[in-house]
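Residue strings, one per chain:
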Amino acid sequence: MSIFDLHPGAAASAFLLSLLLGYIWYSPRVFGDAWRLEQRLGDKAAGPESSLLAMASACLLQSWMVGVLVMLLHKGLLPSGTMILCLSSYISVAWLLRRVQAKNRKVALIDCSFLGATTILSYLMHSIIY
């Protein structure tokens, strides 16, 4: 057994759904305007190409990490509460990193809630397809 024995369909679908959720989450109608206002960014920095590569890389890495945890859970190598512990740890670390980067609380809340939503979405996709 290897950590590279993931189901490619689950990883690809979790990755694509995370990108779609990020596009919706940071759109001006949902949290995009509030996020830009709190960061004091103008309309110039609002282009989707500015952070698309970073978001795609993060979603791909997250999909792979959650897939490894789901695979280990299904093989009985991790206790059942591990996913909740990992999710809460992941969100806590993301919150601390945002605060260390001197982001205000509203920006950190928008970013961390997006991370939590994509992690849960990735877990569901891996669990359903696996």
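Residues numbered from 1 in each chain as written. Predicted model: local features only at pLDDT ≥ 70, side-chain atom pairs only at ≥ 80, totals over all residues. Heavy atoms only, no water.

## A look at the overall build of the protein chain
For the record, the criterion: Each helix is a run of H or I in the DSSP string that is no shorter than four residues. Each strand is a run of E no shorter than two, and both are numbered from the N terminus. Summary of the burial criterion: residues with accessible area below 20% of their type's maximum are buried, those above 50% are exposed, and those between are partly exposed, where the area comes from a 1.4 Å probe applied to protein chains only. Accessible areas in this description were obtained via Shrake-Rupley with a 1.4 Å probe; residue shielding takes into account the shown protein chains only.
Within the protein chain one finds five helices and zero strands. Residues classed as buried in the protein chain amount to 33% of the 130 residues present. Accessible surface computed for the protein chain: about 8,200 Å², of which carbon and sulfur atoms make up 70%.

## Here's the deal with helix H1 (residues 8–25)
Along an α-helix, residues three or four apart share an orientation, since each turn contains 3.6 residues. Cut-off, in case you're wondering: Multiply 1.5 Å by the residue count of a helix minus one, and that product is the helix's expected span.
Under the 1.5 Å per step criterion, the end-to-end length of H1 is 25 Å for 18 residues, consistent within 8% with the ideal 26 Å. Listing the buried residues of H1 in full gives Ala-10, Ala-11, Ser-13, Ala-14, Phe-15, Ser-18, Leu-19, Gly-22 and Trp-25.

## Regarding the pattern of salt bridges
What counts here: Any Lys or Arg side-chain nitrogen found within 4 Å of a carboxyl oxygen on Asp or Glu counts as a salt bridge.
With the rule as written, the count across this model stands at two salt bridges. Taking the shortest distance from any N to any O, the salt bridge between Lys-106 and Glu-38 comes out at 3.8 Å. One end of the pair, Lys-106, is in helix H5 (residues 105–129); the other, Glu-38, is in helix H2 (residues 28–39), with 68 residues separating them in the sequence. Looking at Glu-38, the relative accessible area reads 23%, which means it is partly exposed.

## Things to note about a nonpolar patch on the surface
Put simply, the rule is: Patch members must show over 30% relative accessible area and no salt bridge, and they are joined within 9 Å when carrying like charges or within 5 Å when they are nonpolar side chains of Val, Leu, Ile, Met, Phe, Trp or Tyr.
A cluster of nonpolar side chains, Leu-17, Leu-20, Tyr-23, Ile-24, Val-30 and Phe-31, forms an exposed patch at the surface whose accessible area comes to about 540 Å². Elements supplying a minimum of two residues to the nonpolar patch: H1 and H2. Take the nonpolar patch: its biggest share by element is four residues, from H1. Structurally, Phe-31 is set in helix H2.

## A look at H5
Here is the rule: We define a polar contact as two N or O atoms separated by no more than 3.5 Å, with the added condition that, inside protein, one atom must be a possible hydrogen donor and the other a possible acceptor, whereas residues neighbouring each other in sequence contribute only through side-chain atom pairs.
In this model H5 runs 36 Å from its N-terminal to its C-terminal C-alpha over 25 residues, within 8% of the 36 Å that 1.5 Å per residue would give. Capping the start of H5 is the job of one residue whose side-chain oxygen sits 3.2 Å from the backbone nitrogen of Lys-106: Asn-104.

## Structural notes on the environment of Leu-109
Structurally, Leu-109 is set in helix H5. Leu-109 sits in the exposed class, given a relative accessible area of 54%. Residues Leu-109 and Trp-35 lie 74 residues apart in sequence; the distance between their C-alpha atoms is 9.8 Å.

## Side note on the packing of aromatic side chains
To keep things clear, this is the line we draw: For Phe, Tyr and Trp, rings pair up if their centres lie within 6.5 Å, where Trp contributes its six-membered ring, and each pair is then called stacked (planes under 30 degrees apart), edge-to-face (over 60) or tilted (otherwise).
Using the criterion set out here, one finds three aromatic pairs in the structure. Judged by centre distance (5.2 Å) and plane angle (45 degrees), the ring pair of Trp-25 and Phe-31 falls under tilted. Residue Trp-25 is classed as buried on the basis of its relative accessible area, which comes to 15%. Ring centres of Tyr-26 and Phe-114 lie 5.4 Å apart, and the angle between their planes is 65 degrees; this geometry places the pair in the edge-to-face category. One end of the pair, Tyr-26, is in the loop between H1 and H2; the other, Phe-114, is in helix H5, and 88 residues separate them in sequence. Among the residues examined, Tyr-26 registers a relative accessible area of 23% and is labelled partly exposed. Phe-114 gets classed as buried once you look at its relative accessible area, which sits at 6%. Within the aromatic cluster, the residues linked to one another by ring pairs are Trp-25, Tyr-26, Phe-31 and Phe-114.

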